[in-house]
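Residue-level structure breakdown
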Amino acid sequence: MDKAKTTCFHCGLDCPASPDYLVNIDNQEREMCCPGCAAVAQAIVDNGLDDYYKYRTEQSIKADNLIPEELEQLELYNNTKLQKQFVQSSSSDPDIKNASLILEGIVCAACVWLNEKYVNQLKGVKSFVINYSTQRARVSWDESQIQLSDILKAISNIGYRGHPFDPGRQEEIQKKERHRALIRLAVAGLGAMQVMMLAIALYAGENSGISADMKLYFRWVSAFIATPVVLYSGQTFFKSAWSDLKRKRLGMDVPVSLAIGGAYIASLWATATNSGEVYFDSVTMFTFFLLVGRFLELRARQRSGEVADALIKLLPVMALRLVDGKFEQVLVNELNVGDHLQVKPGEIIPADAIIIEGQSSIDESLVTGESHPLRREVNDKVIGGTVNIESPVILQVTNIGEDSVLAGIQRLLDRAQTEKPHIALVADKVASVFVVAILILSLVVGLVWWEIDSTRAFWIVLSMLVVTCPCALSLATPAAMTASTGALTRLGVLITHAHALETLAKVDTFVFDKTGTVTEGQLALQQTRQLGSLSASDCQQLAFTLEQASEHPVAKAFLHLPFKSLTCQNVVAEVGLGVEAIINNQRYRIGKQDWVAELVGVAAEEIAAQINTKTEIQKHEIKSQVYLASDTEWLAIFTLEDKLRDDAQAMVSQLSQLKVVSILLSGDQRTVVDNTAAALNIKTHYAEQTPDDKLKVIKSLQQQGHVVAMVGDGVNDAPVLAAAQVSIAMGSGTALAQASSDMVLLSENLNHLQQSIVHARKTIAIVKQNLGWALLYNITALPLAALGYIPPWLAAIGMSASSLIVVLNALRLMKVRPNE
């Protein structure tokens, strides 16, 4: 007698007649269909990860397709030229690499757990984190210990496929996800309509005298139609519920599964025994309405992710590169740093670059949200993905691949989407407690009704489980946050941490750095006043040389000077103070007056009178003074001029109308800060502040009970940004400032700060509306269902409608109105 066919324990496909491939899992020999599945299962067991098989909710993909040829092709990803497009090196250690990957085969939370556990234990892997929503992973590794191909092979060894992130492939995966969701929705919708027509006939037949045979026939047809709805369309709820139960959790799909499964089984029993009532119509309608809500949630989540993916798609496929004196078409992914490109009017700039010839207007609206084209000239930076409007320009490429501005934006957005704000965590906890309470209450109500009227007890319990499903409660926060984050990104305000919106809505104090924040930060050298033996030209060359080591906006005023850098030794950049170095065996300092005075050996107050008689800052002038000295004498005072941003004054006024106090916090000289504050009508301002001083001001404000937002753009702002409850970096700010911030003002339009606050407040208001509605609905519907006034079909409509209301209310946040 032939042995019955068995299925592969790993992938679920049929095994061969003889058990040639066995793997010991949990002290039991498990059959595998092929060497690939056996190898993958053995790798999982050998690494102590066999709990994966307990927690998974779907079968894994067949593994034999992952083996020889594709694994060899993974070696190509070690190619340094190819890696330029998707790998970023750490600034502190060039061996530390970072990349975004797409993972195929992720079907449940257990898949995420398995991959993260397995890859993170590989020697040389620093971190490996998966975003289940986008099926995207961020990996960091030490290239001196492990290669990227080894990581991708390890992922393949446990039955999954990893690829460097590609927007096209990401879109394809999302399309498949939407397609599967639509198929489930279509099956449930068609089934619900057909069963409802039969239900109408059954209900009408009760009054018109339908024959018993015809009634039984309609019941069996309804059961036949409802079966694929429950077993196929509803399988996502059963799998999720089973996964929760195995982890000893009670998620919101547990009562949903109990309701669907209980009603379906009870209706089948009533049909088979030709007794009682059937509720196939309620089962199918409930499944359909719930899937509609889930699909809308999926679309809202993907639409938020599409904001980041659309940015990457802005880059063109081809570029016009200068090669041997001639321009030729090349693929954008073949560009290198230093290449010279020509971009004609109407064309998209293919990479981050600086203009080396020509001038034009650049449309940055799709990247930064800036609505008006900006004038760009020689030595100005341009961003890849923006559009050249007027004239042809010649560019020199500065950043490509993972080092580009667009890739940086995408990394920050990805980080924000993998985190949960505090209010979402609270909602999830409330939902889990709510589920337990409902299950207990339903049991109690069921027992009471069993004593009152046993024929109604089951259906009343069913109605309670259906009508009180906490889907709306769980959707209330993520739906609103996702929609709001996408809208602000299109405006040019990038949210990089999940808590930013929630906290921004509570902010009552805005602290601004001066240079590059409320001023344009484009300082120009207006005057060089000699104090020592060197000429003005020699002093400027020394300043040019010393400022090469600084990232402060002040340094930019000297870096445009037409000099060659001198040879330096022992260069030290003191954050917030200046730069010191040895040039031609002489020690020099450039920076703040008091700090430079320490080198000269002459107290600052002793020379103050002499200096002030030579250089004075008039009232309302936005001018700064930078001091240069050697270890033997004072050499020069440089006067730098800056301009207020056109929108700075309006921004302060708008914040005041929102009852938000503005404070100016700067390391610049008192006269300059006083003048800037007066021009902006800012009453509270601090001058000559070191980074430590700034930190003390922020902490003092917080101790007074204020919720503080800090806006800055420089290296010396990084510790202050990290200390504030909400930190905002300017789009042109340093990488360190942006890394320390919760938000990045890509548009550099200060008016967008006011819009962000209003939109954040609106977001929290809508979250509270959603939570309030979800709680009010459940508080109202629960007693009505317990008293028997709500039948299961009406409970399904009510529960689904509550979820839809929450999602639709959240979608109001998809747009930021100019005047809101």
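Residues numbered from 1 in each chain as written. Predicted model: local features only at pLDDT ≥ 70, side-chain atom pairs only at ≥ 80, totals over all residues. Heavy atoms only, no water.

**Points about the pattern of salt bridges**
Tallied over the entire structure, the rule returns 7 salt bridges. The residue Glu 143 makes a salt bridge to Lys 97 at a minimum N-O spacing of 3.9 Å. A residue pair is termed long-range when its members are at least 10 positions apart, and Glu 143 in the loop between β6 (136-142) and α6 (148-157) and Lys 97 in strand β4 (residues 96-104) qualify at 46 residues. Between Lys 694 and Asp 513 there is a salt bridge, and its shortest N-O distance comes to 3.6 Å. Here Lys 694, found in helix α25 (residues 691-703), pairs with Asp 513, found in the loop between β18 (509-512) and α18 (514-518); they are 181 residues apart in sequence, far enough to count as distant. (Salt bridge = Lys/Arg side-chain N within 4 Å of Asp/Glu carboxyl O. Helix = DSSP H or I, 4+ residues; strand = E, 2+ residues; numbered from the N terminus.)

**Focus on the side chain of Thr 509**
Position of Thr 509 among the secondary structure elements: in strand β18. Using a relative accessible area of 2% as the deciding quantity, one classes Thr 509 as buried. In this view, Thr 509 contacts Val 660, Val 661, Ile 663, Leu 701, His 706, Val 707, Val 708 and Ala 709; residues no more than four positions away in its chain are not counted. (Buried < 20%, exposed > 50% of the residue type's maximum accessible area, 1.4 Å probe, protein only. Contact = heavy atoms within 4.5 Å.)

**Some remarks on the packing of aromatic side chains**
Working definition: an aromatic ring pair is given by the centre-to-centre distance plus the angle between the planes. If you walk through the whole model with that rule in mind, you get 7 aromatic pairs. With 6.3 Å between their ring centres and 70° between their planes, Tyr 264 and Phe 280 make a pair best called edge-to-face. Pair noted here: Tyr 264 is in helix α10 (residues 253-273) and Phe 280 is in helix α11 (residues 280-313), with a separation of 16 residues, a long-range link. For the pair Phe 544 and Phe 563, a centre-to-centre distance of 6.5 Å together with 55° between the ring planes defines the contact as tilted. Remark: Phe 563 occurs in the loop between α20 (553-559) and β20 (569-574) and Phe 544 occurs in helix α19 (residues 536-546); sequence separation between them is 19 residues. The class for Phe 544 is buried, based on a relative accessible area of 8%. (Phe/Tyr/Trp six-rings, centres within 6.5 Å; stacked < 30°, edge-to-face > 60°.)

**Digging into the packing of helix α15 (residues 454-467) against helix α28 (residues 751-786)**
Each packed pair of helices is defined by two parameters, the angle between the axes and the distance between the axes. Across the interface, α15 lies against α28 with an axial gap of 9 Å and an inter-helix angle of 175°. Our classification of the angle between α15 and α28 gives roughly antiparallel. In this structure, α15 contributes Ile 460, Ser 463, Met 464 and Val 467 to the contact, and α28 contributes Tyr 777, Asn 778, Ala 781, Leu 782, Ala 785 and Ala 786. A class-by-class count of the residues in the contact of α15 with α28 yields 8 nonpolar, 2 polar and no charged. (Axes fitted to C-alpha atoms, helices over the stretch in contact; angles between N-to-C directions. Parallel < 35°, antiparallel > 145°, perpendicular 65-115°, else oblique. Nonpolar A, V, L, I, M, F, W, Y, C, P; charged D, E, K, R; others polar.)

**A few points about the sheet that holds strand β8 (residues 318-323)**
With respect to topology, 6 strands assemble into an open sheet ordered β9-β8-β10-β16-β11-β14, the strand pairing being antiparallel. At either margin of the open sheet sits one strand with a lone partner, and together these are β9 (326-331) and β14 (381-382). For β8 and β9, the ladder comprises 6 bridges, and the chain directions are antiparallel. Counted as the bridge partner of Met 318 is Leu 331 from β9. (Pairing = 2+ DSSP bridges.)

**Section: the confidence of the model for the protein**
In the predicted model, the protein carries a mean pLDDT of 77, and the fraction of residues at 70 or more is 77%. Within the protein, the lowest mean pLDDT, 51, falls on helix α22 (residues 604-614), and the highest, 92, falls on β18. In the model, residues 64-68 has pLDDT below 50 throughout and makes 10 contacts with residues more than four positions away in sequence or in other chains. (pLDDT = per-residue confidence, 0-100.)

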